Amino acid sequence: MVRKWQATVLSVATAVIASVTVPLWAAPTASAANSDCVPVVVIPLRGSGETTVGMTSYPDQVGGGWEGPTLTKLLGPAAWGGYLRGAPILDVPAPGGALGEQGYPAVPVVLMEDGIIHNANEVIASANEGAGAAVAVYNQFSQAPGCAAPKVVFVGYSQGAMAARRAVNLVNILNPGSSPVAGVFSVGDPLQKADADGVFGSGSDGQGVFRTLLGDTDDEFYSLPGLDRVSICHDDDVICSVEPPFSYDTHLTYFNDRMNFVTSAGAAPSSTSEVEYMSKALQATITKARLDYGMGPKIEPVKDVYGVGDSVTATYSLDRPAVSGDRLRMYELYLALVQCQVGMGMANRSATPAPDALDIIQINANGKRLTSIESLLGYSEPIALAPGATSVSVRITLNNAALKSAALTKFQPGPLYADEDRFDINSNDIFDGTEAYAAYEHVLSGRCGGLDATGPGTNWFAGIVNDDNEVVQSWQDSPPLRLRLLPTGSPDASPGYARGQALRLNITGLVGERGYSIYFESDPVLLTTVTADNDGTVTTDVTIPGDAEPGRHHIVVRESDGSEAARVAFDVNADTSPGPVVNIPIEGDETTTEPPTAGSAGFGS
């Protein structure tokens, strides 16, 4: 019986391929998607014995209800809840419908008391016909001129799950190396392999009734690259987990009210319903497919998290050349940066203003660096598009020097927040050196609008608004944008002080009651004159000149004859803002007027 059945399956599959006469999608004709293109379609395939539920209404479309009663319980809430992202739901009708003689019969299953399917060959033939009909429906879908073929997500129940698998095979055969299939979502799969990739539910360890007869001939499905797979099987479902008692009743319970998702056999039900879980899984796959299609900006490079020194650029291609008054708006990024600025304010333990988020998270739009977060709203100093422009680019760079300076000068010294003592490794109630780096990242975590590496990330959503403040184009797809707000580098070296930074010089090793001049060099600038105390020490405040060039400089202590008594090196960074007074120790040698040739900068409390 098995050999005869396998021969039937192969012959029917061959016939199905030959029957797909609708011209296939050509290679993409558009270099980038435009707003008129449909990036993703959903094709549901109903279960055995199911037929149309009549006219169905989904957002912006009316269907013929050929998804059947079981999948309607999923697709209705998923569509109206926005999880399908507006993807059209395509009907696969029965023979004699919109496809003429071609169609999906979805014949009923005749299940015997011993678990044997009496009409197995007929069911296999029906599933194969359904696969061919699904491919025909996909190829008949009408796109706007210049648009590439849409991505496709198949959703199948019972026999429809089998048809969905066969449809994937057909599409892959007919589109070698460039499959448009983004995912397959199924329940009650007759070909289920126990505990395979993407198999969930209380019956995840079961084997499908058709797999028990066909063996592993269809298992290649579980290793297809680039394909999202989610399948749910209920324990005691004779179709996807065949074992006594051979009851068909459990097979009819998918997506019922109060039917909660179960991760695997033996696990307790979660608090999430099957409908919600599958809807969110569909949303994730459809969003990824939309990005693959080109609906979002072009992101270079794509990373899960961007660290200090990294730069990432988003390029937005316009549907039409820009006109005077067009400007870019990035509301979600604006909100994330506003919250991040608030977080930096909460973490500021100095007596001076908190660091500017845009000094640390530097944004350049069309080559111009933003100085105001409000620029992202398109109002104050907007990101204006030059008339005739066909694209706009936004680059984000995480500035290590500014982040390091914030951690070392804005964040400490100061009292510890609750639970931060774990970062005070040497238990001296301040964050020394790299302790400040980790503690600062911890304080900002969750306070940067999800932009930080520990959050869900913000996004690259954007819109072009015109002079009348109307949105003329928008991008609502993007990978998450996350930044690792952790500085690097030795804290013993200067992080690069800002122009105008106040320095408190703690000088030791001078000759008591002797006068000294203190210079800022490279080009010598006299900062102050001092007289050492009896013990040869001086404490004095100076300020880095406001016109100092970025780069390496020195504070030099000189005697009245110009000879050098002490010096310390540090960097000036034009991209940071002045912080609280920084303590700089400088050590001279009171036994001689020829001091050491160099000192080292440190950070006092």
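Remember, it's a predicted structure, so these values are computed and weren't measured experimentally.

## Overview of the sheet that holds strand S23 (residues 582-587)
- The three strands are arranged S20-S17-S23 in an open sheet whose pairing can be described as mixed. Among the strands making up the open sheet, the edge pair consists of strand S20 (538-543) and S23. Strand after strand, the sheet turns through a mean of 25° between neighbouring axes, direction not considered.
- Pairing of strand S17 (residues 502-508) with S23, which is carried by six bridges, proceeds in the parallel orientation. The residue bridging Leu503 from the neighbouring strand is Val582, located in S23.

## Let's talk about the environment of Thr543
- Mapping Thr543 onto the fold places it in strand S20.
- Take Thr543: its relative accessible area is 42%, and that puts it in the partly exposed class.
- On a C-alpha basis, the gap between Thr543 and Val581 in space is 9.3 Å, while along the polypeptide they are 38 residues apart.

## Considering the pairing of strand S15 (residues 462-465)
- On S15, burial covers both faces: Ala462 and Ile464 on one face and Gly463 and Val465 on the other are all buried.
- Where strand S10 (residues 327-329) meets S15, three bridges bridge the pair, whose relative direction is antiparallel. Bridge assignment links Arg327 to a residue of S15, and that residue is Val465.
- Here four bridges tie S15 to strand S16 (residues 471-475), and the two strands are oriented antiparallel to one another. Counted as the bridge partner of Ile464 is Gln473 from S16.

## With respect to the pattern of salt bridges
- Considering all chains together, one arrives at 17 salt bridges under this definition.
- The partner of Asp197 in a salt bridge is Arg229, and the shortest N-O contact between them spans 2.9 Å. On the criterion of sequence distance, the pair formed by Asp197 in the loop between strand S5 (181-187) and strand S6 (199-200) and Arg229 in strand S7 (residues 228-232) is long-range, its members being 32 residues apart.
- Here Glu441 ties to Arg484 by a salt bridge, and the two come within 2.3 Å at their closest N and O atoms.

Calculation notes
- Residues numbered from 1 in each chain as written.
- Predicted model: local features only at pLDDT ≥ 70, side-chain atom pairs only at ≥ 80, totals over all residues.
- Heavy atoms only, no water.
- Pairing = 2+ DSSP bridges.
- Helix = DSSP H or I, 4+ residues; strand = E, 2+ residues; numbered from the N terminus.
- Axes fitted to C-alpha atoms, helices over the stretch in contact; angles between N-to-C directions.
- Buried < 20%, exposed > 50% of the residue type's maximum accessible area, 1.4 Å probe, protein only.
- Salt bridge = Lys/Arg side-chain N within 4 Å of Asp/Glu carboxyl O.

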